Amino acid sequence: MKIGITCYPTYGGSGIVATELGRELAARGHDVHFITYANPIRLDQGLPRIHYHEVEVSSYPLFQYPPYCLALASRMAEVAACYDLDLLHVHYAIPHSVAALLAKQMTTARRLPFITTLHGTDITLVGSDRSYFPITKFSIEQSDGVTAISHHLREETVEVFGVANEIRVIPNFVNCELYRPNRERPREKRLLHLSNFRPVKRPLDCVRILAEVVKWAPATLWMAGDGPERGPAETLARKLGVADRVEFLGKRDHVEELIPQCRVLLMPSEMESFGLAALEAMACGVPPVATRTGGVPELIAHGADGFLESVGDIAAQAARVVELLTDDALYDRMSAAARRTAETRFDTPLIIPQYEQYYREIVA
Ligand code: GMT
């Protein structure tokens, strides 16, 4: 099949899922065309059957806000015509599904269906904002296919938007060949946080958790990624006297090399429709200490392959980290269970065929 994929190419879960999906589809023989404003962050150049089409947004003195959605729609229609695309698959509803709808309408010579994959904040934050609500609802309703990355997100979408279309749940996935545990448990008691440092991720809680944990165990913390809360987190680390134990790594490409060097993943998010970082950690045998929110309980079984505590409960999350750092038998059990969950429920060979099957249904 010839598939056009559009996503946010910068740091963020939806772009990562879209990019990994494109790579996996290409590896299975499909032609994949990324149509985005920049090369997707985890997309290495030169892979067979992967093509990249940049969307250029011209500015003009009249445009206070250059109309990206229109430039994207034009490019989608152009690429679809030139390369005979069978369908468009857009990740994150706003504005990608609106652009896909326009591209579909512009393509009069033949049918160009599009699938919208909902990732989370496109529904819970951005889409439900008053200014975007009507267009988000409309573009979901007009999509030829809609998928959500968790049951929680599907239910939330139906509840918030009252849409009647079928929404298929296809969970996020991880390549368990690439994301693997270290042979031995890392010696250093290093914690990891991996996000885009937006307020919804609560990265400051990681610093607070570390400040509690160091009272009981000599832990350190890697903060990977970047975003608006990074500065405040750095300031807080100094204020709480743990700055020498925290390293801010900035944006990283190959996180599969980083994760196995850590003992525990911290995901203290306010909301998480899935929690891709936790899944990547689990595949590496790194148990997550996360919050009981959104779709996270669909991924992590509390007490078996990770821990779930209430949002903002620093004491409880820190206590779980301490348990993991001080009880090796518990750690090894949970680490193995985390890897097993990734392998048996979310490995790419289990999930990618679900997308392929959905494509066939929508194209037919
Ligand atoms: O808000 C973010 O965390 C980024 C966002 C995105 O779309 O880039 O992440 C969402 O999609 C990820 C990939 O499907 C999920 O793993 C995250 O849980 C989800 N984030 C939220 O729901 C807050």
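What you see as residue numbers is a count from 1 along each chain, following the sequence as written. It should be noted that, the model being predicted, local features are given only for residues of pLDDT at least 70 and side-chain atom pairs only at 80 or more, the latter also being counted only at that level, while totals for whole chains, interfaces and linings use all residues. Neither water nor hydrogens contribute to the side-chain values; these are computed over all heavy atoms in the structure.

1. Details of the overall build of the protein chain
Starting at the N terminus, helices and strands are each numbered in turn, a helix being any DSSP run of H or I of at least four residues and a strand any DSSP run of E of at least two. Counting secondary structure elements, the protein chain contains 13 helices and 13 strands. Here the globule rule is a power law, 2.2 Å times the number of residues to the power 0.38, and the radius of gyration is based on C-alpha atoms. In summary, the protein chain has a C-alpha radius of gyration of 21 Å against a globular reference of 21 Å for 364 residues, a match within 12%. With the C-alpha coordinates of the protein chain rotated into their principal frame, the extents come out at 65 × 45 × 40 Å. Here the protein chain holds 364 residues, and the buried ones make up 56% of them. We call two residues in contact when some of their heavy atoms are within 4.5 Å. In the protein chain, the proportion of contacts linking residues at least 24 apart, taken out of those at least 6 apart, comes to 70%. Burial classes: relative accessible area under 20% of the type maximum marks a residue as buried, over 50% as exposed, and values in between as partly exposed (1.4 Å probe, protein chains only).

2. Some thoughts on the pattern of salt bridges
Each salt bridge in this description consists of a side-chain nitrogen of Lys or Arg and a carboxyl oxygen of Asp or Glu lying within 4 Å of one another. The tally for this structure, following the rule as stated, stands at 22 salt bridges. The partner of Arg202 in a salt bridge is Glu270, and the shortest N-O contact between them spans 3.0 Å. Of this pair, Arg202 sits in the loop between strand S8 (190-194) and helix H7 (203-213) while Glu270 is found in the loop between strand S11 (264-267) and helix H10 (276-283), placing the two residues 68 residues apart along the sequence. Of the residues examined, Arg202 reaches a relative accessible area of 23% and is grouped as partly exposed. Its relative accessible area of 42% is what places Glu270 among the partly exposed residues.

3. Things to note about the packing of H7 against helix H11 (residues 314-326)
Helix axes are fitted only over the stretch in contact, all axes being lines through C-alpha atoms; the angle between N-to-C directions runs from 0 to 180 degrees. At a closest axis distance of 9 Å, the pairing of H7 and H11 adopts a crossing angle of 55°. Here H7 lies oblique to H11, going by the angle between them. When the axes of H7 and H11 are compared, the crossing they make is right-handed. Touching Asp205, Arg208, Ile209, Glu212 and Val213 of H7 are Ile314, Gln317, Ala318, Val321, Val322 and Leu325, all from H11. Every angle not falling under 35 degrees, over 145, or within 65 to 115 is termed oblique; those three ranges are roughly parallel, roughly antiparallel and roughly perpendicular. For any helix crossing, the convention is left-handed if the near helix is rotated counterclockwise from the far helix by under a right angle, and right-handed if that rotation is clockwise.

4. Some details on the site of the ligand
Only a single heavy atom is needed: when it lies within 4 Å of a molecule or strand, its residue is near that molecule or strand. As a structural note, the neighbourhood of the ligand is formed by 19 residues, with Ser14, His119, Asn172, Lys201 and Glu272 the closest of them. Whenever two N or O atoms come within 3.5 Å, that pair is a polar contact, provided that in protein one can donate a hydrogen and the other can accept it, and provided that, for residues adjacent in sequence, both atoms are side-chain atoms. In this structure, an oxygen atom belonging to the ligand sits 2.8 Å away from a main-chain N or O atom of Ser14. In the environment of the ligand, an oxygen atom lies 2.7 Å from a nitrogen or oxygen atom belonging to the side chain of His119. Computed by Shrake-Rupley with a 1.4 Å probe, the accessible areas treat only the displayed protein chains as cover when residues are assessed. Here the ligand has 480 Å² of accessible area as a free molecule, and 97% of this is covered by the chains. By residue number, the principal contributor to the shell around the ligand is helix H1 (residues 13-27), which donates 3 residues. In this entry, domain limits derive from an automatic or database-based domain assignment. A domain-level breakdown of the shell around the ligand finds at least three residues from each of domain 1 (2-173 + 347-363) and domain 2 (190-345).

5. Some remarks on the sheet that holds strand S5 (residues 114-118)
At least two DSSP bridges between two strands are required for those strands to pair. What the 7 strands build is an open sheet, ordered S3-S2-S1-S4-S5-S6-S7; its pairing is parallel. Bordering the open sheet on either side are strand S3 (50-54) and strand S7 (167-169), each of which pairs with just one other strand. Within the sheet, the average angular offset between the axes of one strand and its neighbour, ignoring direction, is 25°. Summarising the sheet, strand S1 (residues 2-6) and strand S4 (residues 87-91) pair through 4 bridges and their orientation is parallel. Within S4, the position partnered with Thr6 by the bridge is Val90.

6. Brief notes about the domain arrangement of the protein chain
According to the domain assignment, the protein chain consists of domain 1 (2-173 + 347-363) and domain 2 (190-345). Computed over C-alpha atoms, the centres of domain 1 and domain 2 are 29 Å apart. If you look at the interface, domain 1 gives 23 residues, while domain 2 gives 25 residues. Taken together, domain 1 and domain 2 are joined by 0 salt bridges. Viewed at the interface, domain 2 and domain 1 are joined by 4 residue pairs in polar contact (both at pLDDT 80 or more). Listed by contribution, the elements that provide at least two residues to the side of domain 1 that touches domain 2 are H1, helix H4 (121-124), helix H6 (151-161) and helix H13 (348-363). Under this grouping Gly is polar, as are all residues other than the nonpolar Ala, Val, Leu, Ile, Met, Phe, Trp, Tyr, Cys and Pro and the charged Asp, Glu, Lys and Arg. Broken down by class, the residue content of the side of domain 1 that touches domain 2 amounts to 10 nonpolar, 10 polar and 3 charged.

7. With respect to the nonpolar core
Nonpolar side chains in soluble globular proteins generally cluster together in the buried interior. Only buried residues count toward a nonpolar core, which is a set of Ala, Val, Leu, Ile, Met, Phe, Trp, Tyr and Cys residues joined through side-chain atoms within 4.5 Å. Counting residues in each nonpolar core, the largest one holds 43 residues, and the members touching the most others are Ile259, Leu265, Leu299 and Ile300. At 6 residues, the largest contribution of residues to this core is made by H10. Here this core spans two domains, since at least three of its residues come from each of domain 1 (2-173 + 347-363) and domain 2 (190-345). If we skip the residues at most four places from it in the chain, Leu299 touches Phe274, Gly275, Ala278, Leu279, Met282, Asp305, Thr341, Arg345 and Phe346. Membership of the second largest hydrophobic core comes to 32 residues, among which are Ala233, Phe248, Ile314 and Ala318.

8. Examining the packing of aromatic side chains
Put simply, two rings from Phe, Tyr or Trp (the six-membered ring, in Trp's case) pair if the centres are within 6.5 Å, and we call them stacked under 30 degrees between planes, edge-to-face over 60, tilted for the rest. Tallying each qualifying case throughout the model produces 6 aromatic pairs. Between Phe133 and Phe161, the aromatic rings sit 4.9 Å apart at their centres with planes inclined by 15°, giving stacked as the arrangement. Placement of Phe133 in helix H5 (residues 133-142) and of Phe161 in helix H6 is noted, with a sequence separation of 28 residues between them. Taking relative accessible area as the criterion, Phe133 reaches 26% and is therefore assigned partly exposed. Classification of Phe161 by relative accessible area gives buried; the value is 3%. Charges are assigned to positions over rings by a cutoff of 6 Å between ring centre and Lys NZ or Arg CZ, combined with an angular limit of 35 degrees from the ring normal. Lying over the aromatic face of Trp222, Arg190 brings its terminal NZ or CZ to 3.9 Å of the ring centre. Positioned above the aromatic ring of Tyr331 is the side chain of Arg263, whose terminal nitrogen or guanidinium carbon lies 5.6 Å from the ring centre.

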